[in-house]
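Descriptive analysis of the structure
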Amino acid sequence: MNQFGVPASITLAQALLHGQAGTGEVATKNNNHFSITCGSSWTESTREIQGVCYRSYKNAWQSFRDHSELITKGRFVDLKQYSSTDYKQWAKGLQEKGYSTDKTYADLLIKIIKEHNLDKFDD
């Protein structure tokens, strides 16, 4: 959060959702806690799961680091204008920028943050 300006609550909520709290297949086999797909520019380790190419990391830290870099560059760079304590705006911005195809993505993240009081980490 301090280095990239991404609210900790957003990072944690996305990891809980996409990595199924660390129990999902992509998280356990790839250390990929955000279900980040390979993409054409990814040249590092990969693993295919159910026909989808996912980035594969040596450890969870690399996954979290790559996620922070991903959502503060490219099509997500505009999100950096939001405060690192404004998780609601970040959630809406991620949805608007197409992080997920789920039309209720922002609401899902906000619900997870509220249910687990994750915004307490945004200080």
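Described in the following lines is the structure provided in the data block.

Conventions used here
Residues numbered from 1 in each chain as written. Predicted model: local features only at pLDDT ≥ 70, side-chain atom pairs only at ≥ 80, totals over all residues. Heavy atoms only, no water. Helix = DSSP H or I, 4+ residues; strand = E, 2+ residues; numbered from the N terminus. Contact = heavy atoms within 4.5 Å. Axes fitted to C-alpha atoms, helices over the stretch in contact; angles between N-to-C directions. Parallel < 35°, antiparallel > 145°, perpendicular 65-115°, else oblique. Nonpolar A, V, L, I, M, F, W, Y, C, P; charged D, E, K, R; others polar. Core = buried A, V, L, I, M, F, W, Y, C linked by side-chain atoms within 4.5 Å. Buried < 20%, exposed > 50% of the residue type's maximum accessible area, 1.4 Å probe, protein only. Disulfide = S-S within 2.5 Å. Polar contact = N/O pair within 3.5 Å; in protein donor to acceptor, adjacent residues only side chain to side chain. Salt bridge = Lys/Arg side-chain N within 4 Å of Asp/Glu carboxyl O.

This part covers the side chain of S56. Topologically, S56 is positioned in the loop between β2 (52-55) and α3 (60-70). Beyond its immediate chain neighbours, meaning those up to four positions away, S56 contacts K29, N30, W42, S45, T46 and R47.

Where helix α1 (residues 8-18) contacts helix α5 (residues 105-115), the two axes come as close as 9 Å, and the packing angle between them is 105°. When the axis of α1 is compared with that of α5, the two are roughly perpendicular. For the pair α1 and α5, the contacting residues are S9, I10, A13, Q14, L16, L17 and H18 in the first and Y105, L109, I112 and I113 in the second. A breakdown of the residues in the contact of α1 with α5 according to their chemical character gives eight nonpolar, three polar and no charged.

If you trace the backbone, F4 turns up in the segment before α1. Apart from residues no more than four positions distant in its own chain, F4 is found in contact with R65, S68, E69 and T72.

Let's shift gears to the nonpolar core. Within the largest apolar cluster, 24 residues are counted, with the highest numbers of intra-cluster contacts made by I10, I71, L94, Y99 and L109. Mapped by element, the contributors of at least two residues to this core are α1, α4 (87-96) and α5. For this core, the element with the highest residue contribution is α5, accounting for six residues.

Before going further, it helps to spend a moment on the state of the cysteines. Applying the stated rule across the entire model yields one disulfide. Here C38 engages in a disulfide with C53; their sulfurs sit 1.8 Å apart. Around the S-S axis, the bridge from C38 to C53 shows a dihedral of about -80° and counts as left-handed. Here C53 lies in strand β2 and C38 lies in the loop between α2 (25-30) and β1 (46-49), a separation of 15 residues in the sequence. Among the residues examined, C38 registers a relative accessible area of 7% and is labelled buried. Look at C53 and you get partly exposed, because its relative accessible area is 32%.

Before going further, it helps to spend a moment on the environment of S35. By the secondary structure assignment, S35 is in the loop between α2 and β1. A relative accessible area of 24% places S35 in the partly exposed class. Taking the C-alpha atoms as reference points, S35 and R55, separated by 20 residues in sequence, lie 7.9 Å from one another. Here S35 is in contact with H18, V26 and Y54, once residues within four sequence places are set aside. Within the structure, S35 has its side chain in polar contact with the backbone oxygen of H18 (distance 3.1 Å).

Counting across every chain of the model gives five salt bridges. Residue E25 pairs with K29 through a salt bridge whose shortest N-O separation is 3.1 Å. Here the residue E25 and the residue K29 both occupy positions in helix α2, the gap between them amounting to four residues, near one helical turn. Put simply, E115 and K111 hold a salt bridge, and the shortest N to O gap is 3.9 Å. Linking E115 with K111, this pair stays in helix α5, spanning four residues, or about one helical turn.

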